[in-house]
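Residue-level structure breakdown
Each chain is listed here by its residues.
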Amino acid sequence: AQKITQTQPGMFVQEKEAVTLDCTYDTSDPSYGLFWYKQPSSGEMIFLIYQGSYDQQNATEGRYSLNFQKARKSANLVISASQLGDSAMYFCAMRANYGGSQGNLIFGKGTKLSVKP
Amino acid sequence: GAVVSQHPSRVICKSGTSVKIECRSLDFQATTMFWYRQFPKQSLMLMATSNEGSKATYEQGVEKDKFLINHASLTLSTLTVTSAHPEDSSFYICSGTYLRPGLAGKFYNEQFFGPGTRLTVL
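Residues numbered from 1 in each chain as written. Chains lettered and ligands numbered in written order. Predicted model: local features only at pLDDT ≥ 70, side-chain atom pairs only at ≥ 80, totals over all residues. Heavy atoms only, no water.

Comments concerning unusual backbone geometry
Keep this limit in mind: Only runs of H or I of at least four residues qualify as helices and only runs of E of at least two qualify as strands under DSSP, and these elements are numbered from the N terminus.
Cis rather than trans, the peptide bond between histidine 7 of chain B and proline 8 of chain B has omega equal to 0°. Tracing the backbone through its elements, the reader meets proline 8 of chain B in the loop between strand S1 (4-7) and strand S2 (10-13). At alanine 81 of chain A, a residue that is not glycine, the phi angle is positive and equals roughly 45°. Tracing the backbone through its elements, the reader meets alanine 81 of chain A in the loop between strand S9 (74-79) and strand S10 (88-96). Phi is positive for serine 83 of chain B, which is not a glycine, with a value near 45°. Tracing the backbone shows serine 83 of chain B in the loop between strand S8 (76-81) and strand S9 (90-101).

Remarks on the packing of aromatic side chains
What counts here: For Phe, Tyr and Trp, where Trp contributes only its six-membered ring, two rings pair if their centres lie within 6.5 Å, and the inter-plane angle classes them as stacked under 30 degrees, edge-to-face over 60, or tilted in between. Burial status follows relative accessibility: with a 1.4 Å probe on protein chains alone, a residue under 20% of its type maximum counts as buried, one over 50% as exposed, and anything between as partly exposed.
Scanning the model with the defined rule gives 15 aromatic pairs over all chains in all. Centre to centre, the rings of tyrosine 37 of chain A and phenylalanine 107 of chain A are 6.0 Å apart; their planes meet at 55°, and the pair counts as tilted. Linking tyrosine 37 of chain A in strand S5 (residues 32-39) with phenylalanine 107 of chain A in strand S11 (residues 106-107), this pair joins segments that are 70 residues apart in sequence. The residues tyrosine 37 of chain A and phenylalanine 107 of chain A share a single accessibility class, namely buried. Taking 5.1 Å as the distance between ring centres and 80° as the angle between the ring planes, the aromatic pair formed by tyrosine 37 of chain A and phenylalanine 113 of chain B counts as edge-to-face.

A closer look at the state of the cysteines
Covalently bonding the sulfur atom of one cysteine to the sulfur atom of another cysteine gives a disulfide. All names here are of chain B. What counts, and what does not: Count a disulfide wherever a pair of cysteine sulfur atoms falls within 2.5 Å.
Tallied over the entire structure, the rule returns two disulfides over all chains. Between the sulfur atoms of cysteine 23 and its disulfide mate cysteine 94 the distance is 2.0 Å. Between cysteine 23 and cysteine 94 the disulfide shows an S-S torsion of about 80°. By sign, it is right-handed. On the criterion of sequence distance, the pair formed by cysteine 23 in strand S3 (residues 19-25) and cysteine 94 in strand S9 is long-range, its members being 71 residues apart.

Re the sheet that holds S1 of chain B
Residue and element names in this part refer to chain B. What counts, and what does not: Pairing between strands is defined by DSSP: at least two bridges between the two strands are required. Axis lines are fitted to C-alpha atoms, over the contacting stretch for helices. Their N-to-C directions set the angle, which ranges from 0 to 180 degrees.
Judged by pairing direction, the sheet is antiparallel, and its four strands sit side by side in the order S1-S3-S8-S7 without closing on themselves. The strands lining the two open edges of the sheet, one partner per strand, are S1 and strand S7 (67-73). Each adjacent strand pair in this sheet contributes to an overall mean axis angle of 15°, direction not counted. Note that S3 and S8 share six bridges and pair antiparallel.

Structure representation (structure tokens):
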């Protein structure tokens, strides 16, 4: 069975500091994709970053980077230089068989990030 | 990225009425559309998967006669909540996927989310 675990219900970070949001996953599929989404209070799901299971390097997108540790089955999101606008819910998600099938995304329970001025 | 729209963004209805939510992929053809439901302070839960021209596949515990899904074209899917009750009040989000050709003959499906529809049943 596939599962995504986010153990931090809420996190606080000071503006301009870096923060790490934890995500661990479980799957028996050798090919999968890992995603992070941001959901502000408006409700829309905003794609942040993606990591493929066979990617050799950790993904980076601007201030977002994904710390992918395959052996530990973890895919933590690192946000550098936090901004007030980063305050939102963050969801880690996984999809197996990314290279071929139309598998749906499985989401973790989310982490609410609050950036303090 | 590709754009997915949902209409309406917010709807309030009386108990017992039916509500239709539209999901459109505006600049791509979605081979598959997913419908999710999100209760307050919870994660997204998949309700059903629909492919154009075929019947939707519902997740366990989701009543297919209550949540009617029609995927009439590659750019439009609708979710109808029939005989809505207060417990159906939730945030409904659709997403569309399409296959993007990658390297070495592989295809990768990209998934884009709509902005969501907040349903309140009185």
